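This is what each chain is made of:
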Amino acid sequence: MPTDAVQSLLDLSHALGGERLRMSILGEGNTSLRLDAETFTVKASGSNLATLRPAELTVCRFDRLLPLLDAPSANDQEVDQALFAARVDEAARKPSIEALFHAYLLTLPGVACVGHVHAIAVNQILCSTRARDFATARTCPDEVVMCGVESVFVPYCEPGLALSQGIRREVAAFIRRTGRDPKVILLQNHGIIAVGPSPKAVLGTLLMAEKAAEIFVGAAALGGPACLTPAQCERIAGRPDEHYRQKVLGL
Ligand SMILES: [Zn+2]
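This report concerns the structure included in the present document.

**Overview of the coordination of the zinc ion**
- Every protein donor of the zinc ion is accounted for by His-116 (NE2), His-118 (NE2) and His-190 (NE2), and the metal-donor separations fall at 2.1 to 2.2 Å.
- Going along the chain, you hit the donors of the zinc ion in the pattern H-x1-H-x71-H. On the criterion of sequence distance, the pair formed by His-116 in strand β4 (residues 113-117) and His-190 in the loop between β6 (184-187) and β7 (191-196) is long-range, its members being 74 residues apart.
- Judged by relative accessible area, which is 0%, His-116 ranks as buried.

Rendered as structure tokens:
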């Protein structure tokens, strides 16, 4: 694996699991990076983002995992076998079960990195009756820049194959309906995924989404968030100076 790529993924992982952000604790969350057209590296099962080491990253082949998404009846044992078989190095640790959705998301245009966490403010909303509102609400211009005009919302699915299939279904429906590639995917009663061209971009999107969630929760306590209108969001998303900022920020 290229050393710079590994280091950038480790830096992202340490930030997400670190004491300052606490977007994930213990074995929560996972990160991944596309290495080339055939392979990607992802957090190994049972490892901790805050202390992730190079040996806890497992290089996997896309072509061993993607077919599972078309196998609705695959059982836990078959999924486990596919995870082991996807490893490029047989001595490597078993990849996280969420490697399935990482594999899919890393095939989307412009996506080279994926970060998934159980952030507290975001989950306050995703575990409430306002969960779906948060996917479409945008309260500040910077949220539009970093998180897009809308997020994908995935109704609760059991972690594992069902969740990965649910993510693929909702992302495909989002792209068909909006004509846009998503930056943020919200998992009801579970957590958030950010996708982007680099670990730096994924970190920026997750930081902004968590901040937006804190604002949404606070505004809900003061009578309800006053959101930007769709036209205001479109204007921000379409402004040339915002495109320049996105470029500078590596988005
Ligand atoms: Zn999770």
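**What to know about the nonpolar core**
- Of all hydrophobic cores here, the largest spans 40 residues; its most connected members are Leu-16, Val-117, Val-122, Phe-134, Leu-186, Ile-192 and Leu-206.
- Formed by 34 residues, the second largest nonpolar core is a distinct cluster that contains Val-42, Leu-65, Leu-108 and Ile-167.

**Quick word on the pattern of salt bridges**
- Summed over all chains, the structure comprises 10 salt bridges.
- Of the charged contacts in the structure, one is a salt bridge between Glu-56 and Arg-53, with a shortest N-O distance of 3.5 Å.
- Looking at Glu-56, the relative accessible area reads 9%, which means it is buried.
- With a relative accessible area of 44%, Arg-53 lands in the partly exposed category.
- A salt bridge links Glu-234 to Arg-180; its shortest N-O distance comes to 2.5 Å. Placement of Glu-234 in helix α10 (residues 230-238) and of Arg-180 in the loop between α8 (161-178) and β6 is noted, with a sequence separation of 54 residues between them.
- When its relative accessible area of 41% is taken as the criterion, Glu-234 is described as partly exposed.
- Within the structure, one salt-bridge network assembled from shared partners comprises Arg-53, Glu-56 and Arg-93.

Criteria and cut-off values
Residues numbered from 1 in each chain as written. Predicted model: local features only at pLDDT ≥ 70, side-chain atom pairs only at ≥ 80, totals over all residues. Heavy atoms only, no water. Donors = N, O, S within 2.8 Å, 3.2 Å for Na, K, Ca; no water. Helix = DSSP H or I, 4+ residues; strand = E, 2+ residues; numbered from the N terminus. Buried < 20%, exposed > 50% of the residue type's maximum accessible area, 1.4 Å probe, protein only. Core = buried A, V, L, I, M, F, W, Y, C linked by side-chain atoms within 4.5 Å. Salt bridge = Lys/Arg side-chain N within 4 Å of Asp/Glu carboxyl O.

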